[in-house]
Amino acid sequence: MKSFLTVGVLGMAMLTIAGIDAAHAMSCQLITATHSARSWAMAAQTSQALAMQTARNLQRARGWSTLTLSAYTVAGDPFWKAVRPRGVPAKAKLSPDIVTPQFYTTCFTGVVVPFVCTTGSSACGQ
């Protein structure tokens, strides 16, 4: 009986600790942002800025006190899906992709605008 009680108390303690850890666990969400511009550099910069703004909005909405961004590979996301229903064709992709610790940005030539870039990032917080 004494060992059963000890096992029960230890089990409850472990569940309590696990519950506390779960409450403080980090959660993540994929962020993608696409932007266009007259230059490749400006399209990339504005796409990354939009991704950052989206991540900050997510942080506020979820009430996270911390925010960590990690580059996440994403495919280019064309605005004109009726013209490019299968995504960005290989001949429109620009190389190299721009990779930083926070963002993965892939760029391509647009249908109506000269340059379009899509940025991906994994936004994590608690």
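Residues numbered from 1 in each chain as written. Predicted model: local features only at pLDDT ≥ 70, side-chain atom pairs only at ≥ 80, totals over all residues. Heavy atoms only, no water.

Participant: Kindly report on the state of the cysteines, identifying the contributing residues and their values.
Facilitator: On inspection of all chains with the given rule, the structure shows 2 disulfides. Residue pairing for Cys28: its cysteine sulfur links by disulfide to Cys124, the two sulfurs lying 1.9 Å apart. Looking down the S-S bond of the Cys28 and Cys124 bridge, the torsion is 110°, so its handedness is right-handed. Taken together, the positions of Cys28 in strand β1 (residues 27-37) and Cys124 in strand β5 (residues 115-125) put the pair 96 residues apart, joining distant regions of the chain. A residue is classified by how much of its surface remains accessible, and Cys28, at 46% relative accessible area, is partly exposed. With relative accessibility at 11%, the residue Cys124 sits in the buried group. (Disulfide = S-S within 2.5 Å. Helix = DSSP H or I, 4+ residues; strand = E, 2+ residues; numbered from the N terminus. Buried < 20%, exposed > 50% of the residue type's maximum accessible area, 1.4 Å probe, protein only.)

Participant: Can you lay out unusual backbone geometry for me, pointing to particular residues and giving the numbers?
Facilitator: Here the amide bond leading from Ser95 into Pro96 is cis, since omega sits at 0°, within 30 degrees of zero. If you trace the backbone, Pro96 turns up in strand β3 (residues 93-99).

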